[in-house]
Amino acid sequence: FTQDELKKIAAYKAVEYVESGMVLGLGTGSTAKHAIDRIGELLREGKLADIIGIPTSTQTHEQASSLGIPLSDLDTHPVLDLAIDGADEVDPDMNLVKGRGGSLLREKMIEGCCRKFVVIVDESKLVDYVGGSGLAVPVEVVPFCWKFTAQKLKSLFEEGGCVAKLRVLPENGEPFVTDNGNFIIDLYFKRDIGDLRAAGDAMLRLAGVVEHGMFIDMATTLIVAGSFGLTFQLH
Ligand code: DER
């Protein structure tokens, strides 16, 4: 199987949790895209009905509305039955890194008020510890004095333990701007962060920080698609 086929297998399996009448958090990214396509297909086939989707990004809003999935928001539906979303990393305790697609704030808001949060990944996302893939832990920050905030984020970790980079658009080097009009500082860690909650809380105490991409203790169900088939982990 290709990586995308694995993503699709995990996504389709997650959609089996969807029942008619549910209010669903719709994730963002290439794995969640498959789940949203599948939900649209089942609605069209009449195998699902009365679904309301709460999109976690403008990108997902566009995909879901093009599929005819009725959409709403948290103001109208402050409690959701189920959210399905991908992740950039999953550690053995089901803590996640999310946000490499830039949607972490809305994802965390929406996935934080679901009865069940099903995470769908291919096996390449499994790590021993958060940051262990050597890829970024994203932090959404206000554009005002972002350099100052990036410096403050770095100073939370011992000398040299963390590199902070402003996320820019590859095509023109301009800062990436989130759906909420903010910037993203990508943090790269040389070693295990250790106490994720303490690190996350310290980040959030910085006034310029809006939210970080560590989803601690939020996932209720993990579906992993790998060469060995599907595995499930319940929290
Ligand atoms: O940016 C995000 O939060 C995405 O959900 C990301 O975590 C997973 O994206 P992928 O399914 O395209 O790998």
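Residues numbered from 1 in each chain as written. Predicted model: local features only at pLDDT ≥ 70, side-chain atom pairs only at ≥ 80, totals over all residues. Heavy atoms only, no water.

Q: Is there a simple way to think about the overall build of the protein in this case?
A: Within the protein, the regular secondary structure consists of six helices and 13 strands. Relative to its length of 235 residues, the protein is compact, with a C-alpha radius of gyration of 18 Å against a globular reference of 18 Å. For the protein, the C-alpha atoms occupy an extent of roughly 55 × 40 × 35 Å along the three principal directions. A total of 235 residues make up the protein; the buried ones form 50% of that total. Restricting to contacts in the protein with at least 6 residues of sequence separation, those with at least 24 account for 74%. Carbon and sulfur atoms make up 53% of the accessible area of the protein, which totals about 10,800 Å². Between the centroid of the 23 positive side chains of the protein and the centroid of its 34 negative side chains there is a distance of 3 Å. (Helix = DSSP H or I, 4+ residues; strand = E, 2+ residues; numbered from the N terminus. Rg over C-alpha atoms; globule rule 2.2 N^0.38 Å. Buried < 20%, exposed > 50% of the residue type's maximum accessible area, 1.4 Å probe, protein only. Contact = heavy atoms within 4.5 Å. Areas by Shrake-Rupley, 256 points an atom, 1.4 Å probe, with all protein chains shown as cover. Lys, Arg positive; Asp, Glu negative; His and termini not counted. Charge placed at Lys NZ, Arg CZ, Asp CG, Glu CD.)

Q: Explanation requested: the sheet that holds strand β8 (residues 162-166) in the structure shown.
A: One key point about sheets: their strands pair by backbone hydrogen bonds, in either a parallel or an antiparallel sense. Read across the sheet, four strands follow the order β8-β9-β7-β10 without closing on themselves; strand pairing throughout is antiparallel. Both outer strands of the open sheet, β8 and β10 (209-212), are each paired with one neighbouring strand and no more. Ignoring strand direction, the axes of neighbouring strands in this sheet form an average angle of 25°. Here strand β7 (residues 137-141) pairs with β10 via three bridges, running antiparallel. Bridged to V141 within β10 is V209. The strands touched by helix α4 (residues 104-111) within the sheet are β7, β9 (183-189) and β10, with β10 carrying the most contacts at an inclination of about 65°. (Pairing = 2+ DSSP bridges. Axes fitted to C-alpha atoms, helices over the stretch in contact; angles between N-to-C directions.)

Q: What's the story with the layout of surface pockets in this structure? I'm lost.
A: Unoccupied space between atoms shows up once a probe the size of one water molecule is rolled over them. Roughly 220 Å³ of internal volume is contained in the largest pocket. Lining the largest pocket are 18 residues, with T28, G29, S30, D88 and K125 positioned closest to its centre. In this structure, the second largest pocket spans a volume of roughly 190 Å³. Elements that contribute at least two residues to the lining of the second largest pocket include exactly β2 (52-55), α3 (58-66) and α4. In terms of residues, the lining of the second largest pocket owes the most to one element, α4, which gives three residues. (1 Å grid on protein atoms, 1.4 Å probe; cavity = no way out; pocket = protein on both sides within 12 Å on 5 of 7 lines; lining within 4 Å. Points joined across faces, edges and corners; volume = space filled by probe spheres on them.)

Q: What am I meant to see in the state of the cysteines here?
A: In a disulfide, the sulfur atoms of two cysteines are covalently bonded to one another. The tally for this structure, following the rule as stated, stands at zero disulfides. For the unlinked cysteine C114, the closest cysteine sulfur is that of C113, found at 5.6 Å. Accessibility expressed as a relative area gives 14% for C114, which makes it buried. In this structure C145 is not part of a disulfide, and its nearest cysteine sulfur, from C162, lies 19 Å away. With relative accessibility at 42%, the residue C145 sits in the partly exposed group. (Disulfide = S-S within 2.5 Å.)

Q: How should I be thinking about the sheet that holds strand β6 (residues 114-122) in this particular structure?
A: Taken in spatial order, the six strands of this open sheet run β2-β1-β3-β6-β12-β13, and their pairing is mixed. The outermost strands of the open sheet, each flanked by one partner alone, are β2 and β13 (229-234). Taking each pair of neighbouring strands and ignoring which way they run, the sheet shows an average axis angle of 20°. Examined bridge by bridge, strand β12 (residues 221-226) and β13 share six bridges and lie antiparallel to one another. Bridged to T221 within β13 is L234. The strands touched by α4 within the sheet are β1 (23-26), β2, β3 (80-85) and β6, with β3 carrying the most contacts at an inclination of about 145°.

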